[in-house]
Amino acid sequence: MAEAAQFQGTSSVPARRWLRRGIALLAATPLLAGVLQLPAPETARAAETASSARSVKVSIDSLSPAAPAKSDTITLTGTVTNDTRSKIDDASIGLRLTEPLNSRSAVDAAAKRKGYSYAADGHEVGGGHTLEIDKLPSGGSRSFSLSVPVKDLELGASPAVYQLGVSLTGHTANQPVPQVLGIARTFLPWQPSQSGKKTRISYMWPLISGPRLSAETASDPQQTPRFRDDTLAEELAPGGRLQQLVELGKDLPVSWVIDPDLLVSVEAMTGSYKVEQPDGSVKAGKDQELAKKWLGELTAAVKDREVVALPFADPDLASLAHQGKDVSGALSHLKPATDLGSLTVETILGRKPRTDFAWPVAGALDSSIVDVATSAGAHNLIARGDSLRDPSGLPYTPTAARPIGGGNTVLVADTGLSKAFQGGMSSPGSSVRAVQRFLAQTLMISMQSPDTRRSIVVAPDRMPSAEQAQSMARAVEALKDGDWMAPLDLGDAANAAPDPQATDRVPGPRSYPGSLRKQELPTAAFEEIQGTQSALTGFQVVLSQPDRVVTPFSSAIMRGLSTSWRGDAEAATVFRSSVQEHLSALTQGVRLIQKSKQTLSGRSATIPVTVENNLVQGVKGLKLKLTSSQPNRLDVGTEQPVLIEGEHSQSVKFPTTANANGFVWVKAQLYTEDGTPYGAPMTFQVNVTEITSTVMLVIAGGVLLLVLAGVRMYTQRKRRAALAGEAGEPPEAGAEAGAESDTENRPEDGPEQPGDQAADTGPESGDAPGPGEKVDR
């Protein structure tokens, strides 16, 4: 962290203050030596050692004002707790003020220091500002409130940062000498006069929440949304994280950084919605008014403020750059997410947002992340100082903007300020320490180069807790009173004149922190996401109302790329799987009904195949094709179009021609208009029987008639021959005449010719069907 080694004017203290300290020290030394029979240095060391045991816990719960002016009175409140097994007698609570700190690293070192130090913790502020509490029993606590006019602190005429402590002094049975038994510290920024060129500060105010909506919606016309759980309502409720961010940020000079997916989710709550329960059931949501109120308050809060829209669902840029770049199509989601983010914010909040900012997780940046982010239109990238490190000898904190070529700029957020409110802020003491340390560091930055106008950026955690948001708000509010920083929009910070001495070299991918790389989405996740996208692309082309499916599933696919999955790989896997399974269930709603074994009697017939549509909308653009395993035996005709209304079925009939007897396998497959197979194929068996039992009966009947006709002809001829013999005629003539007579006098109902073929009745036959399913005639 860049800083100044020394500052002019920070050690000026009035002469009378030094004189009073010297007199007090000289007077006290022989007195203490006489009482304790110990040299003064040993007394100091004894006090320091005793206090390091931290026998008394001191907490500073408030400091007001955080950045005092000359005419102010500082008030500190808190508690002291006796954690020893002995009571403390002659107890008193006092203020201690150190010498001015001279660098940012000195502030950090002071913040980490434990125990009491006679040399480092300074003198106790006199003038009647000590609170006597007499006795403090073992395990007992006592609240305190100390007030001291600023003028009594003799802070000096130059800007400075002091460490201010509250200590408890007393003695116990085991420690009869009065000494400091416990101390708590904070920082006191001091700006006695208006600074010439204020440092400008851009504070990012994030409104981001993880994916809450499921890909599944109800089948009603409104497509009632379903939430994965009810945690979003908890964050919108009074005191919740998101409610606090809006309530606290509405009056602050900050740049709002919003995930548009959050707006979509909250807007979905304003109407009817369902919530999935832990036991698998689904219940109706009931927090519509809560969502409406939050959206209304947010709209008012950002009315005159800069709004930056992240790509929809806040995709993980580093995971895309490191794990998804080799998966075909994975990067193609980023530009649509950016466009959707802009449209969402403008539609819901009525504000045209900026979409030219990219914010990789934790501000960790490398060249591959730059390539991915800029491919989607982002020209300003938010990094952090521990990613782009400035030269160690730079004696000041440089301006955040760093042009990196190609019209792109990296905004290097200050590491210390960005991490100031990490960790727990639930206790008042932890919040006070964080706020005052933040103010101290910003004043130190301003003091480093007071004649140079610089601009800095603060990028806090993506999803601060309610307590962290409260601490952040107190710090930003106090800056307005401190008069050494001026607010600046993030867009203006990107356009600020860069510092030629600041680094503009973006590190390579190998420099990316290993701890963050372990949390990235794996390559398999991007392959799964692309599989879902391919299925969606193939599904939407057959729908009569594709938007009902494309909109929720495209959003769900983008949510699968979210940065919020970091640290929760199991939840990410479950979410992706649920999206894929739900889409698969929908695509299977359009399917072929399995046929049983078919029996085909005759040379030609019709085979019906049923296509079922269980979707609530119609399908179009599908073709059904049958394929025979033996076309020389059974020809099943050409493909047929399929057009089915929602929740209906269609029977598609295929004319067939049989050329030989036997069993044939037939495959039915749906195809889209471009020839892509849709859904699973269906196969069934056809038993081809070209000569049927009916035909056999007809042939047998014909043979019988021929036999009967022959017998009749023979009988008649024999009878005529006998008659001719009796009349004396030659047998041949009689036979000839008999034949002619038979032809002329043939009965009308007799057969025309003995060898006539029976008619082909196969396709129209009324014979009883054979085993298995029968085809249409």
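All of these numbers come straight from a predicted model, not from anything done at the bench. (Residues numbered from 1 in each chain as written. Predicted model: local features only at pLDDT ≥ 70, side-chain atom pairs only at ≥ 80, totals over all residues. Heavy atoms only, no water.)

## Considerations on the overall build of the protein chain
Next, step 1: What the protein chain contains, in helices and strands, is 21 helices and 31 strands.
Next, step 2: For the protein chain, long-range pairs separated by at least 24 residues make up 77% of all intrachain contacts whose partners lie at least 6 apart in sequence. (Helix = DSSP H or I, 4+ residues; strand = E, 2+ residues; numbered from the N terminus. Contact = heavy atoms within 4.5 Å.)

## Brief notes about the nonpolar core
Next, step 1: Membership of the largest hydrophobic core comes to 73 residues, with the highest contact counts inside it found for Leu365, Val611, Leu624 and Leu670.
Next, step 2: Residue contacts for Leu670: discarding those within four places in its chain leaves Val590, Leu592, Val611, Leu622, Lys623, Leu624, Val642, Thr676, Pro677 and Tyr678. (Core = buried A, V, L, I, M, F, W, Y, C linked by side-chain atoms within 4.5 Å. Buried < 20%, exposed > 50% of the residue type's maximum accessible area, 1.4 Å probe, protein only.)

## Some remarks on unusual backbone geometry
Next, step 1: For the bond from Ser64 to Pro65, the omega torsion is -5 degrees, close enough to zero to count as cis.
Next, step 2: The residue Gln223 is not glycine, and still its phi comes out positive at about 50 degrees.
Next, step 3: Looking at the secondary structure, you find Gln223 in the loop between β10 (213–217) and β11 (225–227).

## Concerning the packing of aromatic side chains
Next, step 1: Tallied over the entire structure, the rule returns 5 aromatic pairs.
Next, step 2: When the centroid spacing of 6.3 Å and the interplanar angle of 50 degrees are considered together, the rings of Tyr203 and Trp205 count as tilted.
Next, step 3: A residue is classified by how much of its surface remains accessible, and Tyr203, at 3% relative accessible area, is buried.
Next, step 4: When its relative accessible area of 0% is taken as the criterion, Trp205 is described as buried.
Next, step 5: Ring centres of Phe227 and Tyr273 lie 5.2 Å apart, and the angle between their planes is 70 degrees; on these two criteria the pair is classed as edge-to-face. Here the residue Phe227 occupies a position in strand β11, and Tyr273 occupies one in the loop between α7 (260–269) and β13 (274–276), the gap between them amounting to 46 residues.
Next, step 6: Chaining the aromatic ring pairs together yields one cluster made of Tyr203, Trp205, Phe421 and Phe438.
Next, step 7: In this arrangement the basic side chain of Arg462 is found over the ring face of Trp359, its NZ or CZ atom lying 4.4 Å from the centre. (Phe/Tyr/Trp six-rings, centres within 6.5 Å; stacked < 30°, edge-to-face > 60°. Lys NZ or Arg CZ within 6 Å of the ring centre and 35° of its normal.)

## Notes on the environment of Ser147
Next, step 1: Within the element layout of this structure, Ser147 appears in strand β6 (residues 141–149).
Next, step 2: Under the relative-accessibility criterion, Ser147 is labelled partly exposed at 38%.
Next, step 3: For the pair Ser147 and Thr73, spaced 74 residues apart in sequence, the C-alpha to C-alpha distance is 6.5 Å.
Next, step 4: Here Thr75 takes part through its side chain, which lies 3.0 Å from a polar atom of the side chain of Ser147. (Polar contact = N/O pair within 3.5 Å; in protein donor to acceptor, adjacent residues only side chain to side chain.)

## Comments concerning helix α17 (residues 523–540)
Within an α-helix, residues lying three or four positions from one another point in the same direction, as the helix has 3.6 residues per turn.
Next, step 1: Over its 18 residues, α17 runs 26 Å from end to end, which matches the ideal 26 Å to within 8%, given 1.5 Å per residue.
Next, step 2: Looking at the buried side of α17, the elements it contacts are α9 (317–324), α18 (547–559), α19 (569–587) and β30 (677–689). (Expected span 1.5 Å × (residues − 1).)

## Overview of the sheet that holds β11
Next, step 1: The 4 strands are arranged β10-β11-β13-β14 in an open sheet whose pairing can be described as mixed. The sheet terminates laterally at β10 and β14 (282–284), the two strands that pair on one side only. Averaged over all adjacent pairs, the angle separating strand axes in this sheet is 35 degrees, with direction ignored. (Pairing = 2+ DSSP bridges. Axes fitted to C-alpha atoms, helices over the stretch in contact; angles between N-to-C directions.)

## Focus: the pattern of salt bridges
Next, step 1: The full count for this structure, using the stated rule, is 27 salt bridges.
Next, step 2: A salt bridge links Asp483 to Lys198, with the nearest nitrogen and oxygen atoms 2.7 Å apart. Highlighted residues: Asp483 in the loop between α14 (466–482) and β21 (485–487) and Lys198 in the loop between β8 (179–190) and β9 (199–207), separated in sequence by 285 residues.
Next, step 3: On the basis of relative accessible area, Lys198 is assigned to the partly exposed category, the value being 22%.
Next, step 4: When the shortest N-O distance is used, the salt bridge between Arg241 and Glu235 registers 3.3 Å. No difference in accessibility class separates Arg241 from Glu235, as the two residues are buried. (Salt bridge = Lys/Arg side-chain N within 4 Å of Asp/Glu carboxyl O.)

## Section: the pairing of strand β2 (residues 73–82)
Next, step 1: Judged from the 8 bridges that link them, strand β1 (residues 56–64) and β2 form a sheet pairing that is antiparallel. Paired with Leu63 across the two strands is Leu76, which belongs to β2.
Next, step 2: As judged from the 9 bridges shared by β2 and β6, these two strands associate in the antiparallel manner. Each residue of the ladder has a partner; that of Leu76, found in β6, is Leu146.

## Observations concerning the sheet that holds strand β26 (residues 634–635)
Next, step 1: Strand order across the open sheet formed by 4 strands is β22-β24-β28-β26, with antiparallel pairing between neighbours. Each edge of the open sheet is held by one strand with a lone partner, namely β22 (590–592) and β26.
Next, step 2: Bridging between β26 and strand β28 (residues 648–658) involves 2 bridges; their strand directions are antiparallel. Opposite Leu634, over in β28, you have Ala658 as the bridge partner.

## What about the packing of helix α13 (residues 428–448) against α14?
Next, step 1: Interaxial distance between α13 and α14 falls to 9 Å at its minimum, and their mutual angle equals 35 degrees. As for the relative orientation of α13 and α14, their crossing is right-handed in sense. From α13, Ser431, Val435, Phe438, Leu439 and Thr442 reach across to α14, where they touch Ser471, Arg474, Ala475, Ala478 and Leu479.
Next, step 2: For the contact of α13 with α14, the class distribution of residues is 6 nonpolar, 3 polar and 1 charged. (Left-handed = near helix turned anticlockwise from the far one by under 90°. Nonpolar A, V, L, I, M, F, W, Y, C, P; charged D, E, K, R; others polar.)

## Remarks on the environment of Thr638
Next, step 1: Relative to the elements of secondary structure, Thr638 occurs in the loop between β26 and β27 (640–644).
Next, step 2: Since its relative accessible area comes to 59%, Thr638 is described here as exposed.
Next, step 3: Between the C-alpha atom of Thr638 and that of Leu624, which follows or precedes it by 14 residues, the distance is 9.0 Å.

## Points about the environment of Ser141
Next, step 1: Along the polypeptide, Ser141 turns up in strand β6.
Next, step 2: Between the C-alpha atoms of Ser141 and Lys57, which are 84 residues apart in sequence, the distance is 9.2 Å.
Next, step 3: Side chain to side chain, Ser141 and Thr81 meet in a polar contact 2.9 Å long.

## Topic: the confidence of the model for the protein chain
Next, step 1: Summarising the model, the protein chain shows a mean pLDDT of 85, and 84% of its residues fall at 70 or more.
Next, step 2: Taken as a whole, residues 1–54 scores under 50 in pLDDT and shows 75 contacts with residues more than four places along the chain or in a different chain. (pLDDT = per-residue confidence, 0-100.)

## As for the pairing of β30
Next, step 1: Note that strand β23 (residues 598–601) and β30 share 4 bridges and pair parallel. Bridged to Gln598 within β30 is Val686.
Next, step 2: Taken together, the 9 bridges between strand β29 (residues 662–672) and β30 define a ladder with antiparallel strand orientation. Along β30, the bridge assignment pairs Phe663 with Asn687.

## As for the packing of α9 against helix α11 (residues 367–375)
How two helices pack is summed up by the angle between their axes together with the distance between the axes.
Next, step 1: Where α9 contacts α11, the axes come no closer than 9 Å and their chain directions differ by 110 degrees. The angle between α9 and α11 falls in the class roughly perpendicular. Here α9 contributes Leu317, Ala318, Leu320, Ala321 and His322 to the contact with α11, which in turn contributes Ser368, Ile369, Val372 and Ala373.
Next, step 2: Classifying every residue of the contact of α9 with α11 gives 7 nonpolar, 2 polar and no charged. (Parallel < 35°, antiparallel > 145°, perpendicular 65-115°, else oblique.)

## Section: the side chain of Ser555
Next, step 1: Residue placement: Ser555 occurs in helix α18.
Next, step 2: Among the residues examined, Ser555 registers a relative accessible area of 13% and is labelled buried.
Next, step 3: Reaching out from Ser555, the side chain makes a polar contact with the backbone oxygen of Thr551 at a distance of 3.1 Å.
Next, step 4: Leaving out residues up to four positions away in the same chain, Ser555 has contacts with Phe312 and Leu340.

## Looking at the side chain of His129
Next, step 1: Within the secondary structure layout, His129 lies in the loop between β4 (123–124) and β5 (131–136).
Next, step 2: Since its relative accessible area comes to 11%, His129 is described here as buried.
Next, step 3: Here the side chain of His129 touches Ser147 through a polar contact of 3.4 Å, landing on its backbone oxygen.
Next, step 4: The contact partners of His129, leaving out residues within four places of it in the chain, are Ile93, Leu146, Ser147, Val148, Pro149 and Asp152.

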